Amino acid sequence: MSTATPTVAETGGLASDSGASSSVPRKTPILLGVITVLLGAAVLLGSQDGDTTFRLATRADFVQLPNLVVPAEATALVAVVLMALVAAESTRRYVAGRRTPLWLISVYSVVAMFGFLSWAAAGGTVPVVGLLGGSLALAVPLVFGALGGVLGERVGVVNIAIDGQLLAGAFAAALVGSLAGSTWAGLLGAMAAGLLVALVLAVFAISYYVDQVIVGVVLNVLIIGITSFMFSQVLSENTEKLNSPPRFSTWDIPLLSDIPLIGPILFRQTPIVYLLYIAVAVVTYALYRTRWGLRLRAVGEHPKAADTVGIKVKATRYRTMLLAGAIAGLGGAFYTLVSVSQFNREMTGGAGYIALAAVIFGKWDPIRATLAALLFGFASNLQGVLSVLGSPVPSEFMLMLPYVVTIFAVAGLVGRSRPPAASGQPYKKG
Amino acid sequence: MQLALRDITKRFGSLVANDHISLTVEPGEIHCLLGENGAGKSTLMNVLYGLYTADEGSIELDGVEQHFDGPGDAIAAGIGMVHQHFMLVPVFTVAENVMLGNESTGFAGSLDLGAARARVREISERFGFHVDPDAVVEELPVGVQQRVEIIKALSRDARVLVFDEPTAVLTPQETDELMAIMRQLAESGVGIVFITHKLREVRAVADRITVIRLGKVVGEASPTASNNELAALMVGREVELTVQKQPPTLGDEALVVEGLTVVDAAGITQLDGVSFTVRAGEILAVAGVQGNGQTELTEALLGLQDGVRGSARLDGQELVGRSVRKILDAGVGFVPEDRQVDGLVGTFTIAENLMLDRSFGKPFVSTGTVNQSLLRRFAEEKLAEYDVRAPGISTPAGSLSGGNQQKVVVARELSKDLRLLVAAQPTRGVDVGSIEFIHSQIVATRDSGVPVVVVSTELDEVAALADRIMVLYRGKVVGIVPADTPRDVLGLMMAGERPAEEVA
C-alpha cells in the first residue's frame, strides 16, 4: 500500500492538469495505478494465510509438470510492489511524453493476475489448465461473434445484431441438431440462422439506408422475442424430440495435445474450437492478402472510390454481411452443441455485445479482436473458477468481472483507434 | 481512340442538367470543357463514366455506340477519370489503390502486390512521376495523390482521360506540372477532356474549347481567345474580370494579431504562432493551399475554436477568449468558407437568414418577438441592394444558386456597423457574375475604412483584392509580401519556401 500511494498521488495530479496537450494517453498510468491500489488494498485488508498451489498438468498428460506452490500473502505483496514499479515507470514515461509499451502492460497484467490468484486462492489449488482451457471454450462464441463484427464493420456495416445472430444460431443448432440427430447438421442450421438475421439487417441497412444501430438493436430484441416464444410454445412441448441435440465430444489432436501445458489447453477441445482456429486464420488471410479482402476493405473505407473502379458496393456489402452472419451463427451453436445440450431463452446473456466490444478493443483486426474475446472469456472463467475455490471476493462481485473488464478495456486501454472510415454509412449513388 | 458524345440529355426531375450536349475528342487532343459551377460539366462526365445513365443521346468510341451500366464498363472501354475529389482509399498504399478493381492474383486468390508495384514503377518512370508504390496514400501531398489517380487510370489502359477540376487543390507550381503532364499524355496519344472554370489554365493547355452554360453548349472557342471573350461566353454577358480599386487610404493599425496558435482536439498544432497586423482601410489577403491553417485562423478570430493561445486585438480590445456573441458585438463581420454549413440555414427564408446574427435584440427583436414588418422592409432593401436573384424574401435560402446564397451571406455581414471583416473563400463555387459583385462589395468595405482579412486559395482572387498578401503553410506564416508579388514567387511560398527578401 505504502508503495502504491505515491503513484496514485502523481497520476491524480496529472489528471487534473488538463492543460497538458499531448497525444500520449493519460489513462494508461492512471489505470495501472488504480488497479495496483485496488489489489494492494485487498491484500492488506483481507489477509490470507497459507500456500497457493498452481496445478500445471492434468491427469491425462503425457508429461507431468510438477505443481507450483507459493506462499499466498508474500507472493501477492511482491506482485503489488512489482505492479507499483510498472505503474511508476508508466507515469514517468507519460511525463516524458512517451507511451507505455505494450510489453510493459503485458508484464503488468501477468504479474497482477498471478498475484491476485495467489491471494484469492490461498490454501487451495488453481487448476491452470482448467482456467485457461475453460477460458478458451467460453470465448468461442465471442470470437465467432467478433469475427462477424469485424467483417461487417470492415465492409461498412455496423453489425450490432451479433447477439441476435448468436441467439438465433443457438436456437437453430438445438432444433436442427435434435431433429437430424447430428451435431454437424445443427452447425449448418446455426449458420443458416445467423445468415438469415444478417440478411434482414443487410436489407434494411444497405438497401433502405435505415440507421444500422437501430436496426441492429431492434433485431436483437426481435430474436429474443421469437426464440423465447418458440421455446415456450414449441420446444418445451416436445423437449425430447425438438430440444435435446447431441453434443460435440472433445477430440484430442494426436501429438499436439501432448505438449505440456499448451496441449491440453489448445488441442483437447471440441471440433467447434478447431473450426474457430481455422476461421480466424482464414478470415485474417483473406482480409489482408486476397483480392476479396482488398475490395471488402476498400468498400468499407471509401465506397465511392470502390464504385468508380467498377466494384459493386452494395453487392459486396450484402455478400460480406451474409458471411459475417453465418460465422456469428456458428458461434451460437456453441451454446447448444457444446455448453449445454439444450436451448434456453436468452441463453447468450448479451455475449453479442461483448463480442462487439471485442471488435472495438481489437481495433477491427481479426487477430486482435480474437485476443480481446479471449480476455473476456478469461474474465468469465476466472469468475467461475474462483467461486468454486471459495475466494474472499463476494461472488456477486465476481459475476461483474467480464463486464468490468469490457468497460475498462474499451474505455481505458484502446488508445486512439480508427474505425473503417465508412463504417455505419449507407452508400447512395450520385 | 476517338470519343464522341452525341446529344446527351440528362434530367433531374424538372431540372435539365445536360441539354443535347455533343462533343468529340480526338486522340492526342486536349479538349477543354469550360463552364461555371453548376453548368452541367460534372453531370456530363458522370454520364460518360457510367455513374449516371443519360435520358437521351449516345456515347461513341471510334464510331461504335457504347452502353455503360457502371464505371466498370467505362473503364473496360478505355475511359479513365481523375476525379475532383480523389477516388483513392486513404489507408491503402499506392500499389493497392492502383490495383483495386483490377487485381492480378496468385495462389488461393492471394494478391500479386509485386506485379502492381512493377506497374506503378513502370508508368511512374515513363512520365517521370517519382511515386513510391509502397507509400500510404494519405501521407502523400495532394499533388502526388493526383498522380496516383493518373497512374490508376493509365494502368487500366485508358485511351481517353477525363480531368474533373483537377487544379482546385493544387499550388500554382503543381498546376504547372499538371499542365506539362497533360501535354505529355496527349503527345503519347491519349485523348484528354479537361473540365475547369479557370480561364488561365484553359488558355495555357487547350487544343479546343467547348463552353457550356446552363446545361447547353453555347459555343466553341479557340485557345487564342482572350480571357474576356471566354468569360463572356461562359457567363452570357460582358463581365469585368479585374476589380476596379483605388490605392488604399490607410488608417491606424486596427487588428493586431500576435502569436496566435490553435491546437486541435487531437493535440495537433493547426496554427502556429501567427502574427500580423491589418490597418484600417486595408485588405490583407491570406493565401495558401487549402488546409494550411486558414480555417483555424478565421475561426480563431471569431471565437469558434477551442485551444487558442496568443492574442488578437481589435482596436485595442482582446478578441481571444471572448464568446462569439461578444466578438460579433464588437463589430466583426464573418463570411464563413462553407456557406451551406456555417453561413446559412437552408430551410430558413432569405429574410430570416438576413437577421440570423441579430436575433438578440433591437432593432429586429423586441420583448422576445420578431418585428416582421421591419424585417420585411430590411430584407427587401438588401435583396435589391445586393442584387440577389430570388423569387422573394420568403424563398428558402437553400433553394438559391451558390452565387445568390453567398450574396445573402455577404449582405448580412456587410449591413452591420463593421469594425473588421473576415471573409473566408468569399467566392468559392460562385458564378463569375456574382464574383464581380462580391469583390466590389469587399473593396467598398475597405474603402469605408474597415480592416479586411480575406482568405482565399485562388491566387486570382488574392491578386485581385489584396493590398498585402500573407502566405500560410502548415499553420505558419511563410511571409507577408506586397500585392504585386509575382505569381511564381507566391506559388513557391505556398509550398513553404520563404521569399528571398521579405517585406513586412
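Since we're looking at a predicted model, the values are computed, not measured. (Residues numbered from 1 in each chain as written. Chains lettered and ligands numbered in written order. Predicted model: local features only at pLDDT ≥ 70, side-chain atom pairs only at ≥ 80, totals over all residues.)

1. Digging into the domain arrangement of chain A
Residues and elements named next belong to chain A. Looking at the assigned domains, one finds that chain A contains domain 1 (4–123) and domain 2 (129–374). Distance between the C-alpha centres of domain 1 and domain 2: 34 Å. The partner domain 2 presents five residues to the seven residues of domain 1 that form the contact. (Domains from an automatic or database assignment. Contact = placed C-beta atoms within 7 Å.)

2. Describing the sheet that holds strand β4 (residues 56–61) of chain B
Residue and element names in this part refer to chain B. Read across the sheet, four strands follow the order β2-β1-β4-β5 without closing on themselves; strand pairing throughout is antiparallel. With one partner strand each, in any of the chains shown, β2 (15–25) and β5 (64–66) form the two edges of the open sheet. Across the sheet, the mean angle separating the axes of adjacent strands is 30° when strand polarity is ignored. Sheet topology places strand β1 (residues 3–12) next to β4; five bridges connect them, and they run antiparallel. Its bridge partner being in β4, Leu3 is matched across the sheet by Leu61. (Pairing = 2+ DSSP bridges. Helix = DSSP H or I, 4+ residues; strand = E, 2+ residues; numbered from the N terminus. Axes fitted to C-alpha atoms, helices over the stretch in contact; angles between N-to-C directions.)

3. Quick look at the pairing of strand β10 (residues 216–221) of chain B
All names here are of chain B. As defined by bridge partners, strand β9 (residues 208–213) adjoins β10 across five bridges and the pair is classed as antiparallel. Paired with Ile209 across the strands is Ala221, a residue of β10. Hairpin connection, β9 to β10: the antiparallel pair is bridged by two residues, and Leu214 has positive phi, about 50°.

4. Remarks on the domain arrangement of chain B
Residue and element names in this part refer to chain B. Domain boundaries assigned for chain B yield domain 1 (3–235) and domain 2 (253–494). Between domain 1 and domain 2, the C-alpha centre-to-centre distance is 34 Å. Opposite the ten residues of domain 1 that make contact, domain 2 presents 15 residues. Listed by contribution, the elements that provide at least two residues to the side of domain 1 that touches domain 2 are α6 (172–187) and α8 (227–235). Of all the elements, α8 adds the most residues to the side of domain 1 that touches domain 2, at three residues. Its residues assigned to classes, the side of domain 1 that touches domain 2 shows five nonpolar, four polar and one charged. (Nonpolar A, V, L, I, M, F, W, Y, C, P; charged D, E, K, R; others polar.)

5. Structural notes on the packing of helix α7 (residues 183–207) of chain A against helix α14 (residues 313–339) of chain A
All names here are of chain A. Where α7 contacts α14, the axes come no closer than 6 Å and their chain directions differ by 140°. With respect to α14, the element α7 is oriented oblique. In the crossing of α7 with α14, the sense of the turn from one axis to the other is right-handed. Tallied by class, the residues present in the contact of α7 with α14 amount to 20 nonpolar, six polar and two charged. (Parallel < 35°, antiparallel > 145°, perpendicular 65-115°, else oblique. Left-handed = near helix turned anticlockwise from the far one by under 90°.)

6. Describing the interface of chain A and chain B
Counting residues at the interface gives 19 residues for chain A, matched by 25 residues for chain B. Where the side of chain A that touches chain B is concerned, the elements lending two or more residues are α12 (291–301) and α13 (303–308) of chain A. Counting residues per element, the side of chain A that touches chain B draws most heavily on α12(A), at five residues. Of the residues belonging to the side of chain A that touches chain B, the class tally is six nonpolar, eight polar and five charged.

7. Some points on α12(A)
Of all eleven residues making up α12(A), nine are buried, and the element is well covered by its neighbours. Residues Gly293(A), Leu294(A), Arg295(A), Leu296(A), Arg297(A), Ala298(A), Val299(A), Gly300(A) and Glu301(A) constitute the buried set of α12(A). (Buried ≥ 20, exposed ≤ 12 C-beta atoms within 10 Å, placed from the backbone.)

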